[in-house]
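# Chain and residue survey
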Amino acid sequence: MAIRQAAPAVRVRKKKTMEIVAVQVLNSLFYAAVLFLIAAGLSLIFGVMGIINMAHGSFYALGAYVTAWSVAAAAAAIPPAALFIFLPLGAVAVAVIGLAIEPTLIRPFYRRPEEYQLLVTFGLLLVLDDVIRLVWGGTPLTANRLVDFLGLVQIGALPYPVYNLMMIGVGIAAALGLWAFVYRTRFGVLLRATAQDRRMAAALGIDVGRVYALAFGLGCFMAGLGGAIVVPSQAAVLGMGVEVLVVAFVVVVIGGLGSLEGALVGALIVSALRTITIQFWEETELAALYLIAAIVLLIRPTGLFGRKS
Amino acid sequence: MDKEHIQQERRGFLKQFGATMGAAGLGAAGLGTAAYVAAPRTANAAVQPKGNIPAKPIKVGHITFLTGAAELLGGPGQRGHVLAMEEINAQGGVLGKRKIETIFADEAAGTDSNVKELRRMKLSENIDLFTGVISSGNTPALGPVAEELKVLTLFNDGCTDFLFDKAVPNPKYTFRVTNIQSADGVTAAIGTATHWPKVRRIASIQPDYSYGRNVFEHFVLALGKLLPGIEVVSESWPKLGSTDFTSHITKILGAKPDVLVVGLWGGDYVAFYKQALRYGLFDRMKVATTLAFGGYPHAIGKDHPEGVLAGVHANYHFLYPSAERWPINKDFVERYHKRWKEYPSFESDGAYTALYLYKHAVEKANQLVGGWPNDEAIIAMLEGAGIDSPAGYLYIRADNHQGYKDAVTGLSKNLPEYEFPVWDPNSIVSIPIRSITAPPNWAKPGHGHNESTAAADWIKKTWPSAKT
């Protein structure tokens, strides 16, 4: 009798545990999708141009602000479904800014030692953060309409936003698209050739300046897209760029700077590890990320997919 | 014991604290008849300065967050300071002669830079007064330097107990205007026990730094005394500045708490509630916050759920005290809104009141000694000073230079007059500050006890526990 009573209770608890696990896996994938977009851009820029772009997080923030601002501005005028146009638009806006910044600010520093490049991109980070504050002020911007428009699905008893599911899809599509672009298009070949040997590529008649500008623009597009897709589910707040930059660096350190596969695997590892520590060892949420990065650096100094230099 | 009886006992217990709800009176000790008001003076109330007053401007240094996520707190603080400065200068300056000139610096530059900046302000700009500072990480670093440089300092916030418990245990030049930090967690606990006496299972999400630790410790400690048999079922410690909280939220949902205590603030809190809303968190538990209404009031949207205990750092919300009972607040809010086209926050009140407190002390000292008083004379007047601020009565305790005013919190509600949520007027809990802070000269940590704060030791030793 006692056993027969206990059995349903155990089953209910098991079902509840499965719900939590399922939602946590989705949470982790969503976070990984955003991290991948940022880290892939960071890696792409480093892989092709050899620049460690300290301002990369600020491009992510810019994408978030542009999208949130344009969604809020247009919300009254156009139907909610049409607001989704502002997700790619936020990314395009950031790419255009990137295309303008590369020849003016970054290009003069290619021949200088790395610390100059770090300084100039770090300066760019500070300038962009101030620009964001001057343009949009300190109040967080939001674009929740997009999340609410798509509604919720029930995972067992727990609601989950459909928007987040869609954005996991966007992350997967971006990973596939980027892979196809780099490995299956003519421009991808030029990109990889330039990354391997800039002088040889130039000698073969490749317009290296154009390749650099486009690579930088593409990297910025990815960061902007990351910000654009994250903002409807969260909020655009000051300082979000620096916050994400630190985690993106952990991702590329684990995956290997300059490697797209590394960015993907690094994002998945960091995101899963973060979710697991939050769920089970809450005190180690921060320490675990840096610990794993340190272990990877000790065992494989170039990261899991990094090239030996 | 039947349920009714338990309820009675607990009510009696809460009553010991003198906590009042809704439209009850301003529960502070009277401060004498000739109250000094933090506001521009009416024409017939001008004070005649005694002796010769130089016309040289007063130089004030003000460090606050002008960039980054904490601008949400620092911005209103700066605007409160500027409003007080403009008002005082429009009336001819302090003692009718000395206008105020303020040098601002960005607190986001980091603790080391802030310390350097304070030194620079004193040594090369020769400031007369130092004000501002939001972060609890910064006041313990700046306090000892202010003492060393002998620069009169009125901290706006940076309210950690550690400042006057340990970093500057015997302050001479440093004062602080806003309520002490431990009062924040305790206020949230009393608000929780008042509104939701049946909660037992507690979950917590706090930013992983000194503030979050302090809130969690004092909330659990106080609630454990107020409600019998509470249990912490889930803890989360996201990094300050995080914006992705989905994994924390799912974990909290899985723990099935009755109440969630939230110490997240600024952009972190905005991002948190947006995500928690879509994950159905607010439908499944009560939520008690310490700083939900701590930034610009309009930073929180009307999508914010109603019935959340919306903390203001236990200090001030612009709708309380109400206009009919405390016109000083209504007038302040009107002047502030006219100047900045937005509503003030507790930081606005703190920075605004700090400058008037200085003016008040200078005027009192001038009456006594004539001429421009030296710092010693001003400090003597600041110790034990009382002022009628927008938030109510504020007094500065002489033993630890800490400002005390009644702690407040309330439940969020959307009223049609405002484009952002405010407090439900009937839900506001106001607590006499002496009921929730260690009394003067209570042993500091390291002197007879090793609790994290004097307040924690005092609560453990003196508060009765609610009966089951």
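Here, residues in each chain are numbered from 1, in the same order as that chain's written sequence. The order in which chains are written sets their letters, starting at A; the order in which ligands are written sets their numbers, starting at 1. It should be noted that, the model being predicted, local features are given only for residues of pLDDT at least 70 and side-chain atom pairs only at 80 or more, the latter also being counted only at that level, while totals for whole chains, interfaces and linings use all residues.

## Observations regarding the overall build of chain B
Note the following rule: The helix count covers DSSP runs of H or I at least four residues long, the strand count covers runs of E at least two residues long, and both are numbered beginning at the N terminus. With C-alpha atoms as the basis for the radius of gyration, the globule rule is written as 2.2 Å multiplied by the number of residues raised to the power 0.38. Here exposure depends only on C-beta density: within 10 Å of a residue's C-beta, 20 or more other C-beta atoms make it buried, 12 or fewer make it exposed, and intermediate numbers make it partly exposed, the C-beta atoms being placed from the backbone. For every residue pair, C-beta atoms are placed from the backbone, and the pair is scored as a contact if these atoms sit within 7 Å.
Looking only at helices and strands, one finds 14 helices and 17 strands in chain B. Expected size for 468 residues packed as a compact globule is a radius of gyration near 23 Å; at 22 Å, chain B falls within 12% of this value. Referenced to the eigenvectors of the C-alpha coordinate spread, the extents of chain B come out at roughly 70 × 45 × 40 Å. Within chain B, buried positions represent 57% of all 468 residues. Considering only residue pairs separated by 6 or more positions, chain B has 73% of its internal contacts joining residues 24 or more positions apart.

## Observations concerning the nonpolar core
All names here are of chain A. To keep it simple, the criterion reads: Note on terminology: a nonpolar core is a set of buried residues of type Ala, Val, Leu, Ile, Met, Phe, Trp, Tyr or Cys, with members joined through C-beta atoms within 7 Å.
One finds Leu35, Ala39, Ala215 and Val251 to be the most contacted residues of the largest nonpolar core, which totals 238 residues. Ranked by residue count, the leading element in this core is helix α1 (residues 2–49), at 19 residues. Ignoring sequence-local partners within four residues, the contact set of Ala215 consists of Leu44, Ile45, Val48, Met49 and Leu191.

## Notes on the sheet that holds strand β14 (residues 407–409) of chain B
Quick reminder of the rule: Whether two strands pair depends on DSSP finding at least two bridges between them.
Overall, antiparallel pairing links the three strands, which are arranged β1-β17-β14 (chain B) in an open sheet. Sheet topology places β1 (20–21) and β14 of chain B at the edges, where each strand pairs with a single neighbour.

## Let's talk about helix α6 (residues 182–195) of chain B
An α-helical turn contains 3.6 residues, so any two residues separated by three or four positions project in the same direction. Applied cut-off: One less than the residue count of a helix, multiplied by 1.5 Å, gives the span that helix is expected to have.
Between its first and last C-alpha atoms α6 of chain B spans 20 Å; for 14 residues at 1.5 Å apiece the expected length is 20 Å, and the two agree. Buried residues dominate α6 of chain B, accounting for 13 of its 14 residues.

## Some thoughts on the interface of chain B and chain A
Here is the rule we go by: Any residue that is not Ala, Val, Leu, Ile, Met, Phe, Trp, Tyr, Cys, Pro, Asp, Glu, Lys or Arg is counted as polar, Gly included; the first ten are nonpolar and the last four charged.
Facing the 36 residues of chain B at the interface are 36 residues of chain A. With seven residues, the single largest contributor to the side of chain B that touches chain A is helix α8 (residues 246–255) of chain B. Looking at the side of chain B that touches chain A, its residues break down into 10 nonpolar, 17 polar and nine charged.

## With respect to the confidence of the model for chain B
Residues and elements named next belong to chain B. Counted only if it meets this: Known as pLDDT, the predictor's confidence for each residue is given on a scale from 0 to 100.
For chain B, the average pLDDT comes to 91, and 93% of its residues sit at 70 or higher. Across residues 1–8 the pLDDT falls below 50, and counting only partners more than four positions away or on other chains, this stretch makes one contact in the model. Reported confidences for the modelled complex are a pTM of 0.90 and an ipTM of 0.91.

## A look at the environment of Lys16 of chain A
Residue and element names in this part refer to chain A. Considering the arrangement of structural elements, one finds Lys16 in helix α1. Among the residues examined, Lys16 registers 16 C-beta atoms within 10 Å and is labelled partly exposed. For the pair formed by Lys16 and Leu87, sequence separation is 71 residues and the distance between their alpha carbons is 34 Å.

## Re the pairing of strand β2 (residues 58–64) of chain B
Residue and element names in this part refer to chain B. Defined as follows: Call a crossover right-handed when, viewed with both strands pointing away from you, the route from the first strand across the helix to the second goes clockwise.
Among the seven residues that make up β2, six are buried, leaving the element largely enclosed by the rest of the structure. The pairing of β2 with strand β3 (residues 100–106) spans seven bridges and is parallel. Within β3, the position partnered with Ile58 by the bridge is Ile100. Between the parallel pair β2 and β3, the chain is carried across by helix α2 (residues 71–90), and the sense of this crossover is right-handed. As defined by bridge partners, β2 adjoins strand β4 (residues 129–132) across four bridges and the pair is classed as parallel. What sits directly across from His62, in β4, is Thr131.

## Describing helix α11 (residues 327–340) of chain B
Residues and elements named next belong to chain B. Filter applied, for reference: The arc refers to the directions leading from the helix axis to the C-beta atoms.
With 14 residues, α11 should cover 20 Å at 1.5 Å per step; its first-to-last C-alpha distance of 20 Å lies within 8% of that length. Regarding α11, the residues found buried are Asn329, Phe332 and Tyr336. All buried residues of α11 project into a common sector of 65° when viewed along the axis, lining one side. Those residues of α11 that are exposed and aimed more than 90 degrees away from the buried face are Glu334 and Lys338. On its buried face, α11 sits against α2 and α12 (346–369). Just past α11, the residue Lys341 takes up positive phi, approximately 60°.

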